[in-house]
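# Chain and residue survey
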Amino acid sequence: MQGLHLTADLHDCRCEAAWLTDAAQLGDWCVRAVHAVGLQPVNKLFHTFPATEHGPGGITATVLLAESHLCVHTWPEQKAVTLDVYVCNFSGDHSAKARGLMQALVDRFAPEWTEQRSLDRGNES
């Protein structure tokens, strides 16, 4: 399907620890960030995993968008985060919104370094 798929691995995040462990705080922020770039959430799920011998549990935060999504996974014991943003561009080009959302997420976690990927899906016929 026509769209843009962005992923990022964030390493050595310098944000406050709560951003890696508090699903309600992170989830609420994700929904506000989605609105701020002009995308429309249709559902959401935020889950905190239990602590282990390695440290506090991380978060999976998902915001379902119209034919699109945002997924965030945190590993507080590693100060690491993975991000996944996909927008469908069938009815219009939402690429700039997806890139803006990705940048807001990277800024929120303040990683020491990132690995980012971008995949244009489908064709423009």
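Everything below is about the structure shown above.
Now for a quick tour of the structure.

## Re the sheet that holds strand β6 (residues 111–121)
Spatially, six strands are ordered β2-β3-β4-β5-β1-β6 in an open sheet, and the strand pairing comes out antiparallel. Among the strands making up the open sheet, the edge pair consists of β2 (41–48) and β6. The sheet shows a mean angle of 10° between the axes of neighbouring strands, direction not considered. As paired strands, β2 and strand β3 (residues 59–65) are joined by seven bridges and run antiparallel to one another. In the strand pairing of β3, His47 is matched with Thr60. Running over the sheet, helix α2 (residues 23–36) touches β2, β3 and β4 (68–75) and is turned about 155° from β2.

## Describing the environment of Asp9
Mapped onto the fold, Asp9 is located in strand β1 (residues 3–13). A relative accessible area of 32% places Asp9 in the partly exposed class. Along the backbone, Asp9 and Lys97 are 88 residues apart, and their C-alpha atoms lie at a distance of 19 Å. Residues in contact with Asp9, not counting those within four places in the same chain, are Val81, Thr82, Trp113, Thr114 and Glu115.

Parameters and conventions
Residues numbered from 1 in each chain as written. Predicted model: local features only at pLDDT ≥ 70, side-chain atom pairs only at ≥ 80, totals over all residues. Heavy atoms only, no water. Pairing = 2+ DSSP bridges. Helix = DSSP H or I, 4+ residues; strand = E, 2+ residues; numbered from the N terminus. Axes fitted to C-alpha atoms, helices over the stretch in contact; angles between N-to-C directions. Contact = heavy atoms within 4.5 Å. Buried < 20%, exposed > 50% of the residue type's maximum accessible area, 1.4 Å probe, protein only.

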